[in-house]
Amino acid sequence: MPTVGVADLKDGDFLLDVREDDEWKAGHAEGALHIPISEFVARYGELTEAAPQDGRVHVICRSGGRSAQVTMYLAQQGVDAVNVDGGMQVWEAAGRPVVTDDGQSGFVL
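Predicted, not measured: the structure shown is a model, and the values here were computed from it.

> Quick question: what am I supposed to make of the environment of Ala81 here?
Among the structural elements, Ala81 can be located in strand S5 (residues 81-84). With 23 residues separating them in the primary sequence, Ala81 and His58 have C-alpha atoms 5.9 Å apart. Contact partners of Ala81, with chain neighbours within four places excluded, come to Pro2, Val57, Val59, Thr71 and Leu74.

Okay, structure coming up:
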């Protein structure tokens, strides 16, 4: 499973958040694309439209389990995808910004 640490992510890297709606609303990485794992297959086209053509998709969830499943699925589809190790819990612990939809400070649920 291709994996990357939070510290290795750079500004501008494409981030796909697969957590559920309540988790997303509590707080997320600014600029991430949100497609809950429960809706992922049905909404796959949204990812292909938004993701950079020849770029990497960094998949994140709360701790890394759900994002690992989506990363494996994407790899099977031929997408350059990596799982973000430790997920949003590590993101927040590393001091990376967590925001709500209106730009306020959020938290990881």
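> So what exactly am I meant to see when it comes to the pattern of salt bridges here?
Opposite charge on two side chains lets them pair, provided their charged atoms get close. In this structure the tally under the stated criterion is five salt bridges. In this structure, Glu46 engages Arg43 in a salt bridge whose closest nitrogen and oxygen atoms are separated by 2.8 Å. Overall, the relative accessible area of 35% leaves Glu46 in the partly exposed class. Judged by its relative accessible area of 22%, Arg43 is partly exposed. Each of Glu39, Arg43 and Glu46 takes part in a single network of salt bridges with overlapping partners.

> For this particular structure, what's the right way to read the side chain of Asn83?
Locating Asn83 in the fold gives a position in strand S5. Of the polar contacts made by the side chain of Asn83, one reaches the backbone nitrogen of Ala68; its length is 3.4 Å. Not counting residues within four places of it along the chain, the set of residues in contact with Asn83 comprises Met1, Pro2, Thr3, Val4, Val59, Gly64, Ser67, Ala68 and Thr71.

> Looking at this structure, I do not really get the nonpolar core. What am I missing?
Counting residues in hydrophobic clusters, the biggest one holds 15 residues, and the most contacted among them are Leu16, Phe40, Leu47, Val57, Val59, Val70 and Leu74. For this core, the secondary-structure elements that each account for two or more residues are strand S2 (14-17), helix H2 (44-50), strand S4 (57-60) and helix H3 (65-76). The next biggest cluster of nonpolar side chains, apart from the first, holds 14 residues, and it includes Leu15, Ala29, Met88 and Val108.

> Is there a simple way to explain the sheet that holds strand S3 (residues 33-34) in this structure?
Adjacent strands of a sheet form backbone hydrogen bonds with each other and so pair up, either parallel or antiparallel. The five strands lie next to each other as S1-S5-S4-S2-S3, forming an open sheet whose pairing is parallel. A single partner strand is all that each edge strand has here, and the edge strands are strand S1 (3-4) and S3. In this sheet, S4 lies alongside S2 in parallel orientation, the contact comprising four bridges. Its bridge partner lying in S4, Asp17 is registered against Ile60.

> What is the right way to look at H3 in this model?
Residues spaced three or four apart along an α-helix point in a common direction, a consequence of the helix completing one turn every 3.6 residues. For H3, which comprises 12 residues, the first-to-last C-alpha distance of 17 Å matches the rise-based estimate of 16 Å (1.5 Å per residue) to within 8%. Here H3 has its buried residues at Ser67, Ala68, Val70, Thr71 and Leu74. Angularly, the buried residues of H3 cover 165° about the axis, an arc narrow enough to put them on a single face. Contacts from the buried residues of H3 go to S2, H2, S4 and S5. Count one or two residues on from H3 and you reach Gly78, which has phi positive near 85°.

Rules behind the numbers
- Residues numbered from 1 in each chain as written.
- Predicted model: local features only at pLDDT ≥ 70, side-chain atom pairs only at ≥ 80, totals over all residues.
- Heavy atoms only, no water.
- Helix = DSSP H or I, 4+ residues; strand = E, 2+ residues; numbered from the N terminus.
- Contact = heavy atoms within 4.5 Å.
- Salt bridge = Lys/Arg side-chain N within 4 Å of Asp/Glu carboxyl O.
- Buried < 20%, exposed > 50% of the residue type's maximum accessible area, 1.4 Å probe, protein only.
- Polar contact = N/O pair within 3.5 Å; in protein donor to acceptor, adjacent residues only side chain to side chain.
- Core = buried A, V, L, I, M, F, W, Y, C linked by side-chain atoms within 4.5 Å.
- Pairing = 2+ DSSP bridges.
- Expected span 1.5 Å × (residues − 1).
- Arc of directions from axis to C-beta.

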